[in-house]
Structure formats: C-alpha cells, structure tokens
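Residue-level structure breakdown
Read off the chains here:
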Amino acid sequence: MQQTLAIVKPDGVARNLIGEVVARIERNQLAIKAMKMIHMSRAQAEGFYAVHKERPFFKDLTDFMCSGPAVVMILQGENAIARWREMMGATNPADAADGTIRRDFATDIEKNVVHGSDAPETAAFETGYFFSGLERN
Ligand code: YYY
Ligand code: MG
C-alpha cells in the first residue's frame, strides 16, 4: 500500500470544488487516511515548494498557495501516487487528458485546483510536512 499527499488548492476551495474532488477520490477507490483544512503561511508554502525555489514561477506560486484555505489529504492504495496523478491530469490544463480534474476545472497552469506528490520520496516528505504520525495510520 502506498500513500500520497493530495491538496485541494485555494482556487479549488474558493470555487466550491472540495466535494467534487473528494467524490472523484472515493469513486476511484483511494482511501482517505487523513484530511484537514489549513491556511498556509507564506513560510509554510515556501517550505512545501522548496524544490521549486529557483523557478521563475516560485513567487507567484507561493503567493497563491497562501492566499486562502486549502484542504490537505493523505490518500492510500495500490499505486496511489500514480493513480492520483492520473486523476489530476497534466500540470497545464491545456495538456490535461479529458476527464481529469485539471482538464475539467483548472483555469490556468498556476490555478490548477489540485496537487499530488510525484514520487515515493516526495510523498514521504509531503505527507510528513502536514500530518503527524498519529494522524495518518
Ligand atoms: O506537480 P505539478 O503540480 O503537476 O507541477 P510542478 O511542475 O511540480 O509545479 C508545481 C506547481 O507550480 C504547478 O502545479 C503550478 C505551478 N507552475 C506554474 O505556475 N508555472 C509553471 N510553468 C509550472 C508550474
Ligand atoms: Mg509537482
């Protein structure tokens, strides 16, 4: 069994898409092991996306991520990382496959509604960033 971090980003929360995202997760038989709403500080958003700190989009991205509440979740299942990435779709909604969350709801490459870990190492870092051991088992 694999765990991955999912986020409904501030645009998704503001646009009342929490239920839609959660419904898709449940339909796809990924177990929600932990879930909470948070409003990230700038420092927390910068720490979460530290891997991108040299990128030109870092400032806008971290501004966006601390602009309002977000819902963070730990999803669990066989191949959870890849399955959740597949449900999300490509980073740029213009490239995302039909039926994916980003294709159906994202407005641009930054405001793309959801986040998902991209590998086992990042999933371990990202789930541990928001949840304690007690919250996730
Ligand atoms: O993992 P994923 O969210 O699909 O994309 P990343 O390449 O990790 O980038 C993180 C985040 O940064 C992306 O969801 C939107 C934003 N971003 C951007 O605003 N502009 C880009 N050219 C690339 C990424
Ligand atoms: Mg990423």
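Residues numbered from 1 in each chain as written. Chains lettered and ligands numbered in written order. Predicted model: local features only at pLDDT ≥ 70, side-chain atom pairs only at ≥ 80, totals over all residues. Heavy atoms only, no water.

**A word on the sheet that holds strand S4 (residues 114–116)**
This is how the line gets drawn: Here the rule is simple: two strands pair whenever DSSP picks up at least two bridges between them. Going along the chain from the N terminus, every DSSP run of H or I of four or more residues is numbered as a helix, and every run of E of two or more is numbered as a strand. Between the N-to-C directions of two axes lies an angle of 0 to 180 degrees, each axis being a line fitted to C-alpha atoms and, for a helix, fitted only over the stretch in contact. Here, residues are in contact when the closest pair of their heavy atoms is within 4.5 Å.
The strand order S2-S3-S1-S4 describes an open sheet built from 4 strands, whose pairing is antiparallel. Of all the strands in the sheet, just strand S2 (31–38) and S4 have a single pairing partner and so form its edges. For this sheet the average axis-to-axis angle between neighbouring strands, irrespective of direction, equals 20°. In terms of strand pairing, strand S1 (residues 2–8) meets S4 through 3 bridges, oriented antiparallel. When the bridges of S4 are listed, Val-8 appears paired with Val-114. Its contacts with the sheet put helix H7 (residues 120–130) on S1, S2, strand S3 (70–77) and S4, and the angle it makes with S1 is roughly 60°.

**Some details on the site of ligand 1**
Heads up, the rule is: By convention in this text, a residue qualifies as near a molecule or strand provided that one of its non-hydrogen atoms is within 4 Å of it. N or O atoms within 3.5 Å of each other form a polar contact, as long as, within protein, one can give a hydrogen and the other can take it, and as long as residues adjacent in sequence are counted only when both atoms are side-chain atoms. Residue burial considers only the protein chains on display, and all accessible areas are found by Shrake-Rupley using a 1.4 Å probe. Only protein atoms enter the 1 Å grid used here. Points where a 1.4 Å probe fits but cannot escape make up a cavity, open sets with protein on both sides within 12 Å along at least five of seven lines make up a pocket, and a residue lines them when an atom lies within 4 Å of a point. For this analysis, a molecule is said to be in a pocket or cavity if more than half of its atoms are within 2 Å of the grid points defining it. Residues were grouped as follows: Ala, Val, Leu, Ile, Met, Phe, Trp, Tyr, Cys and Pro as nonpolar; Asp, Glu, Lys and Arg as charged; and all remaining residues, including Gly, as polar.
Every residue lining ligand 1 is accounted for by Lys-9, Tyr-49, His-52, Phe-57, Leu-61, Arg-85, Thr-91, Arg-102, Ile-109, Glu-110 and Asn-112. In the model, an oxygen atom of ligand 1 is placed 2.5 Å from a nitrogen or oxygen of the Thr-91 side chain. The contact in question runs from an oxygen atom of ligand 1 to an N or O atom on the side chain of Arg-102, over 3.0 Å. With the chains in place, 80% of the 490 Å² that ligand 1 exposes on its own is no longer accessible. The site holding ligand 1 turns out to be the largest pocket. Looking at side-chain class alone, the shell around ligand 1 contains 4 nonpolar, 3 polar and 4 charged residues.

**What about the UniProt feature "domain: Nucleoside diphosphate kinase-like" (unreviewed entry) in the protein chain?**
Spelled out, the test is: UniProt positions are given in the numbering used here, feature names are shortened, and annotations may be inferred rather than shown by experiment.
Following the UniProt record, one finds the feature "domain: Nucleoside diphosphate kinase-like" (unreviewed entry) at residues 1–135. The distance from the first to the last C-alpha atom of residues 1–135 is 17 Å, and the span holds 41% helix and 19% strand.

**Comments concerning the pairing of S3**
For the record, the criterion: We call a residue buried when its accessible area falls under 20% of the maximum for its residue type, exposed when it is over 50%, and partly exposed in between, using a 1.4 Å probe and counting protein chains only.
Burial analysis of S3 places 7 of its 8 residues in the buried class, which makes it a mostly covered element. For S1 and S3, the ladder comprises 7 bridges, and the chain directions are antiparallel. Its bridge partner lying in S3, Leu-5 is registered against Ile-74. Taken together, the 7 bridges between S2 and S3 define a ladder with antiparallel strand orientation. Along S3, the bridge assignment pairs Ile-32 with Leu-75.

**Points about the packing of aromatic side chains**
Using the following cut-off: Here the aromatic set is Phe, Tyr and Trp, taking the six-membered ring for Trp, and pairing holds for ring centres within 6.5 Å; pairs whose planes are under 30 degrees apart are stacked, those over 60 apart are edge-to-face, and all others are tilted.
In the structure shown here, the tally under the stated rule is 5 aromatic pairs. Between Phe-48 and Tyr-49 the ring centres are 4.9 Å apart and the planes differ by 70°, which places this aromatic pair in the edge-to-face class. The pair formed by Phe-48 and Tyr-49 is uniform in burial state, with each residue classed as buried. Ring centres 5.6 Å apart and planes at 45° place the aromatic pair Phe-125 and Tyr-129 in the tilted group. Of this pair, Phe-125 and Tyr-129 both sit in helix H7, 4 residues apart, which is roughly one turn of that helix. The exposure class assigned to Phe-125 is partly exposed, which follows from its relative accessible area of 43%.

**Considerations on the UniProt feature "binding site: ATP" (unreviewed entry) in the protein chain**
Following the UniProt record, one finds the feature "binding site: ATP" (unreviewed entry) at Lys-9, Phe-57, Arg-85, Thr-91, Arg-102 and Asn-112. Residues from the annotated list that form part of the lining of the largest pocket: Lys-9, Phe-57, Arg-85, Thr-91, Arg-102 and Asn-112. Mapped onto the secondary structure, Phe-57 falls in the loop between helix H3 (42–48) and helix H4 (58–65). Look at Phe-57 and you get partly exposed, because its relative accessible area is 34%. Mapped onto the secondary structure, Asn-112 falls in the loop between helix H6 (101–105) and S4. Contact partners of Asn-112, with chain neighbours within four places excluded, come to Lys-9, Asp-11, Thr-91, Arg-102 and Ala-106.

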